[in-house]
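Letter by letter, the chains look like this.
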Amino acid sequence: QVQLVESGGGLVQAGGSLRLSCAASGRIFSGYFMGWFRQAPGKEREFVAAIRWSGGSTAYADSVKGRFTISRDNAKNTVYLQMNSLKSEDTAVYYCAARDTISASVYEYAYPYWGQGTQVTVSS
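A short tour of the structure in this document, coming up.

**With respect to the environment of Tyr 113**
Mapped onto the fold, Tyr 113 is located in strand E10 (residues 113-114). Judged by relative accessible area, Tyr 113 falls into the buried class, the value being 16%. Sequence-wise, Tyr 113 and Met 34 are 79 residues apart; in three dimensions their C-alpha atoms are separated by 9.5 Å. Residues within four places of Tyr 113 in sequence aside, it is in contact with Gln 1, Val 2, Leu 4, Tyr 32, Cys 96, Ala 97, Ala 98 and Asp 100.

Shown next as structure tokens:
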């Protein structure tokens, strides 16, 4: 079983930055893929970024490429999402997810483990 706890959300002005953290516990193996998704009010949950737990492979949604960076610290069992140049359309609840395979996926159904989410609000 895998447990995920997100933190770092908050209120920020457009153009600002935030760093989200996802602390993982339980059976995390090097082949796992960790993902970030987000859900804005009235919209479906969408893929943001993913990284292999062992490192070396990342994936991003087109909407965040060049602005967001996903990284991990294996020693701390933590995955990060650095968000720069934030826009009002980035406002959403951000979720951390884990997938116990060696390949990334942009589909939420492919991730069996989820955190509770953290709210990010970008004011214009």
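Now, onward.
**With respect to the sheet that holds strand E3 (residues 18-26)**
Sheet strands associate in pairs through backbone hydrogen bonding, adopting either a parallel or an antiparallel arrangement. Read from one edge of the open sheet, four strands run E1-E3-E8-E7, paired in antiparallel fashion. Of all strands in the sheet, those bounded by a partner on one side alone are strand E1 (2-7) and strand E7 (68-73). Mean inter-strand twist for the sheet, computed between neighbouring axes without regard to direction, equals 20°. Alignment of E1 against E3, held across six bridges, turns out to be antiparallel. Bridge pairing in E3 links Glu 6 to Cys 22.

**Looking at unusual backbone geometry**
Backbone geometry places Asn 77, a non-glycine residue, at a positive phi of 50°. Within the element layout of this structure, Asn 77 appears in the loop between E7 and strand E8 (78-83). Accessibility expressed as a relative area gives 30% for Asn 77, which makes it partly exposed. Residue Ser 85 is not a glycine yet carries a positive backbone phi of 50°.

Rules behind the numbers
- Residues numbered from 1 in each chain as written.
- Predicted model: local features only at pLDDT ≥ 70, side-chain atom pairs only at ≥ 80, totals over all residues.
- Heavy atoms only, no water.
- Helix = DSSP H or I, 4+ residues; strand = E, 2+ residues; numbered from the N terminus.
- Buried < 20%, exposed > 50% of the residue type's maximum accessible area, 1.4 Å probe, protein only.
- Contact = heavy atoms within 4.5 Å.
- Pairing = 2+ DSSP bridges.
- Axes fitted to C-alpha atoms, helices over the stretch in contact; angles between N-to-C directions.

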